[in-house]
Amino acid sequence: MKIITIEHIAKIYQVGTEEVHALADVSLTIGKNEYVAIMGPSGSGKSTLMNILGCLDTPTKGIYDFNGVNVSEMNDNELAAIRNKEIGFVFQTFNLLPRSNALHNVELPLIYSGMPSAERKERAMEALINVGLENRVYHRPNELSGGQRQRVAIARALVTRPSIILADEPTGNLDTKTGEEIMVLFNEIYEAGNTIILVTHEEYIAEHAERIIRLRDGLVEKNEIVENRFIPQKRESH
Amino acid sequence: MKNFLYELKESLLISLYAIRANKVRSMLTTLGIIIGVTSVVLMSTAIKGIDNAFQKGVSSLGSDNLYIDKWAWFNNDIPWWEMRNRKNLDMDDFKKYEDLAKLPAAVAPTIWTNKKIKFKERNVEGIMISGTTYNYINTTNLSFESGRFFNDFESRGARNVAVIGFTVAKQLFPLGNGLGQEIKIGDVKFKVVGVLDEQGSWVMGNFNPDNQVFIPIDCVFKYFQGERMRSITINVRAPNSTSVEAVKEEAIGIMRRVRGLSYAEDNDFSINQQEGLLTTINQTIGVIQIAGLFITGLALFVGAIGIMNIMFVSVKERTREIGVRKAIGAKNRTILTQFIMEAAIICLIGGMIGLGIAVTLSMIVNQYLPTAVQADAVILAVVISLLTGILSGFAPAYTASKLDPVEALRYE
C-alpha cells in the first residue's frame, strides 16, 4: 500500500533574475511501513524534497499524492492540518520549545489538533514512556542531554500517530554513541509498524534503512534496496 | 464555536506560558502601558473630582435662587461698558420690588465690602463683609454651628451684630467658640450672634459663605460706604424649582417698572442664575477634559508603540519557535491569536497595575485636591488596555502568522 506517490515534481526558486532548479524532475513512491533513507550531497535538492514530502512547501510542478489526497495544490491551512495529523518531524537541532518542559513539548501537536486536555496529557505521557523518558517528564530541554532532547522530539513526532516519520539528520548533533541509541529507537519504531523517511548524508546512518534514494542535482540518481540492512542492537543498559 | 473557544483557551494558556517564560521583557513592556493607563485613569478621576467640586460649589448658590444685579455674572452677550453705564440698583429699588413681588419665597438685598477684622490681638485681613437683611437666611440653606442669624429687629435697627463663616471663625477663634464675643470690623465693634457650619467648597472662593461675615445692611451704609456708592444685589428665592421661571418673569416685569423703562428700552439689570454658572463651568471643564485626555492619550499611544515594538522583536526572536509550531500543525490563525493574546494579556496586566497605582495616587492626592475614583475607571482601564494590546499586537502577530515555515525553521 502506497502512502506517498510523487510524479515529476520540480521546485524552482527565483534568485534575483536567475532560476534555480532545486528539484528538476523527481518521481518516487513510498509504501506503508517502509524505512527509506534519502541521501545526497549538499545542493542535491535533498532538503527541498524533504520540505515537500513534509508538506512544509509545495512543488512548482508535478503531483504529490499523500494517502490518496493531492496535497500539491493545498493552501497553508490545509497543509498545516496534514502536517499535524499525518507527519511527525524529527529535526537535527531537535527544535523543542526551550522554556517548556518535555510534557508540554510533546503535547503541543495534540493542542493544535484540538484534543481535550486530559486525553492529551495521557497520550503525551504514554509517548514519553515509549521513548524511555518517564523520569524526565517535567524537565526543560536545557536540563536534558542531547540524546534525551532528541527522544522528546521523537515522542512529539509519534504522539499524533502519524502516517510517516520524517527525520532530518536526526543524529547530526549527537555523538556516535548517542546517535546509535537514537538509531536503535528508530529501528524499534519501524518494527512497530511505522513508516520512516530518514534524510542524511552519512552512509552508515543510511544503511539502517531498507532502501536508499540518492539524489544529485535535483534528480534521482539511484533508488536501491539495501541488501544487508544494518540492524542496531540495544546495548546493555548502564 | 466550541472549536473557537478551545483555540482561544489554548492560545490563552500558550500566551501565559510565553509571558512567564520572558518575565523581564514582559515587565518592561508593561511599563509603557502602566504609565499610560495610570495617567488616563488619574486624569479622568481628577476631572471628575474637579467637576464634582464645581457642581457642589455651584449648588451652594441654590438651584431655586435668582440674583437681580446690575451685572450679568456669566453672560458675555452684553458688552461690559453697557452694563457699567447702567444705573446702580439701590435700596429703593429693592423695597419696591419686595412690595410688588408676589411669587418669591424670600427676598433679601446684599452688598459686599472688604474689611479687616480684629478679635483682641488677632487680625484677619481682607474679609468679605456681606450686608443684608434678616430675610437673607431664608434665601439660603445656611446651617449653624452655634447661634443664629440676626433677626428682623436687629436688621431694621442696624444693630452691631455679626454672623461669621466657618473659616473666619477658625481664624479669629482658633481655640474656642466665638459666639457672644465682640469683634471689630474695621474700627466698629460687633457682637457675634452666630457661627456657621462649614458650607461650601473652595470653588466659590470669597463668595463661599465660609469666608464671609454677615452684618445688617444698614450697618454697611452707616459705617463703611454710602448708600448709593455701589450697586446692591437682590437675592430671590423661588418657592420651588419649578416656579423659578415664573419668578424670573415676574422679576423682570417688576424691575422694568421700578426702573421706569419704556417698551423700547432694554433691561438695565440682569437676572443671574446658577444655570448660567453651570454652563460656564461645563464649558471650562470640557476644555480641560479634551486637553487632558489628549495628553494622556499621547502617553498611552507611546506605550502602545512600545508594545508593538517589543512584539516585533519578540516575533523576530521566536521565528524558529514559530517555525516549529507551524511544522507540527499550528495554523496561521492559531499563531495570530497567540501573539495578539500575548500583547493583550501584557497590556491587561499593565492596565491592572496602572489602575492600582492610579487609585493609590488619587487617594493620596485626595488629601489636598478633590478626586473621585469610580467604578467606570475600572472599566475604562480594562477596555483601554485590552484595546491597546489588541491594536498594537495585531501587526506583529500578522507578520508572525504569515511566516513561511521552511524559512522560519532555518532561521538562526
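All of these numbers come straight from a predicted model, not from anything done at the bench.

## Some remarks on the interface of chain B and chain A
Across the boundary between the two partners, chain B contributes 24 residues, which contact 28 residues of chain A. The junction of chain B with chain A conceals about 2200 Å² of combined surface from both sides, 58% of it contributed by carbon and sulfur atoms. On the chain B side of the interface with chain A, the three residues burying the most area are Tyr-6, Tyr-17 and Ile-328 of chain B, jointly 27% of the side's total. One can count six residue pairs in polar contact (both at pLDDT 80 or more) joining chain B with chain A. Going through the elements one at a time, helix H1 (2–21), helix H10 (319–327), helix H11 (332–365) and helix H13 (405–410) of chain B are the ones with two or more residues in the side of chain B that touches chain A. With six residues, H10 of chain B is the largest single contributor of residues to the side of chain B that touches chain A. Considered class by class, the residues forming the side of chain B that touches chain A number 11 nonpolar, five polar and eight charged.

## With respect to the pattern of salt bridges
It is possible for side chains bearing opposite charge to pair when their charged atoms get close. The tally for this structure, following the rule as stated, stands at 18 salt bridges over all chains. A salt bridge links Glu-181 of chain A to Lys-177 of chain A; the nearest nitrogen and oxygen atoms lie 3.8 Å apart. Taken together, the positions of Glu-181 of chain A and Lys-177 of chain A, both in helix H6 (residues 176–191) and four residues apart, correspond to about one turn of that helix. According to the relative accessible area criterion, Lys-177 of chain A is partly exposed, its value standing at 41%. Residue Glu-154 of chain B pairs with Arg-148 of chain B through a salt bridge whose shortest N-O separation is 3.0 Å.

## Notes on a nonpolar patch on the surface
A contiguous nonpolar surface patch, about 570 Å² in accessible area, is contributed by Ile-349, Ile-353, Ile-357, Leu-361, Ile-364 and Tyr-368 of chain B. Structurally, the position occupied by Ile-353 of chain B is in helix H11.

## Describing the packing of H11 of chain B against helix H12 (residues 375–401) of chain B
Residue and element names in this part refer to chain B. Viewed as axis vectors pointing N to C, H11 and H12 meet at an angle of 150 degrees, and their least axial separation amounts to 7 Å. Taken as axis vectors, H11 and H12 run roughly antiparallel relative to one another. Between H11 and H12 lies a crossing whose hand is right-handed.

## Overview of the domain arrangement of chain B
Its domain assignment divides chain B into domain 1 (2–56 + 279–410) and domain 2 (87–268). Each of domain 1 of chain B and domain 2 of chain B has a C-alpha centre, and these two points are 55 Å apart.

## Regarding the nonpolar core
Formed by 47 residues in total, the largest nonpolar core has its most connected members in Ile-68, Tyr-97, Ile-183, Ile-185, Val-213 and Ile-215 of chain B. It is helix H8 (residues 244–258) of chain B that provides the largest number of residues to this core, a total of six residues. Sequence-distant contacts of Ile-185 of chain B, that is, excluding residues within four places in its chain, are made with Lys-115, Lys-116, Ile-117, Ile-129, Ala-162, Phe-190, Val-213, Ile-215 and Phe-224 of chain B. Val-106, Leu-110, Met-183 and Val-226 of chain A belong to the second-largest nonpolar core, a separate cluster that totals 41 residues.

## With respect to the layout of surface pockets
Counted as a void, the largest pocket has a volume near 570 Å³. In this structure, the largest pocket is lined by 24 residues; those nearest its centre are Leu-96, Leu-97, Pro-98 and Arg-99 of chain A together with Glu-321 of chain B. At the level of elements, H1 and H10 of chain B are the ones that each hand at least two residues to the lining of the largest pocket. Classifying every residue of the lining of the largest pocket gives 10 nonpolar, six polar and eight charged.

## Some thoughts on a positive patch on the surface
Taken together, the side chains of Arg-99 and Arg-140 of chain A together with Arg-20 and Lys-23 of chain B present a region of like positive charge at the surface. Accessibility expressed as a relative area gives 56% for Lys-23 of chain B, which makes it exposed.

Rules used in this analysis
- By convention here, each chain's residues receive numbers from 1 onward along its written sequence.
- Numbering of ligands from 1 and lettering of chains from A proceed in the order in which they are written.
- Local features in this predicted model are restricted to residues whose pLDDT is 70 or higher, and side-chain atom pairs enter the listing and the counts only when it is 80 or higher, whereas totals over whole chains, interfaces and linings include all residues.
- To get the side-chain values, all heavy atoms of the structure are used, and hydrogens and water are removed first.
- Working rule for contacts: check all heavy atoms of both residues, and any pair within 4.5 Å makes them a contact.
- What gets called buried area is simply the loss in accessible area from a 1.4 Å probe that two parts show on being joined, summed for both.
- Polar contacts, as counted here, are pairs of nitrogen or oxygen atoms within 3.5 Å of one another; within protein the pair requires one atom able to donate a hydrogen and one able to accept it, and residues that are adjacent in sequence qualify only if both atoms are side-chain atoms.
- We count a stretch as a helix when DSSP gives it H or I for four or more residues in a row; a strand needs E for two or more, and each element gets its number in order from the N terminus.
- For this classification, Asp, Glu, Lys and Arg are treated as charged, while Ala, Val, Leu, Ile, Met, Phe, Trp, Tyr, Cys and Pro are nonpolar and the rest, including Gly, are polar.
- Here, a salt bridge means any side-chain nitrogen of Lys or Arg that lies within 4 Å of a carboxyl oxygen of Asp or Glu.
- For each residue, the accessible area found with a 1.4 Å probe, counting protein chains only, is set against the maximum for its type, and the residue is called buried under 20%, exposed over 50%, and partly exposed in between.
- Excluding any residue in a salt bridge, patches collect residues exceeding 30% relative accessible area, merging like charges within 9 Å and nonpolar Val, Leu, Ile, Met, Phe, Trp and Tyr side chains within 5 Å.
- Per-residue and other accessible areas were derived by the Shrake-Rupley procedure at a 1.4 Å probe size, with only the shown protein chains allowed to occlude residues.
- Think of each axis as a best-fit line through the C-alpha atoms, taken over the contacting stretch in the case of a helix, with angles from 0 to 180 degrees between the N-to-C directions.
- Between 65 and 115 degrees an angle is taken as roughly perpendicular, under 35 as roughly parallel, over 145 as roughly antiparallel, and anywhere else as oblique.
- Helix crossings get a hand from a simple test, with the near helix turned counterclockwise from the far one by less than a right angle marking a left-handed crossing and a clockwise turn marking a right-handed one.
- Marked domain ranges trace back to an automatic or database domain assignment.
- Nonpolar cores were defined as sets of buried Ala, Val, Leu, Ile, Met, Phe, Trp, Tyr and Cys residues, with membership established by side-chain atoms within 4.5 Å.
- With a 1 Å grid laid over protein atoms only, a set of points is called a cavity when a 1.4 Å probe fits there but cannot get out and a pocket when it is open yet has protein on both sides within 12 Å along at least five of seven lines; lining residues have an atom within 4 Å of a point.
- Grid points are joined across faces, edges and corners, and a volume is the space filled by probe spheres set on the points.
- Charge assignment: positive for Lys and Arg, negative for Asp and Glu; neither His nor the chain ends contribute.
- Where a charge lies is defined by one atom per residue type, namely NZ (Lys), CZ (Arg), CG (Asp) and CD (Glu).

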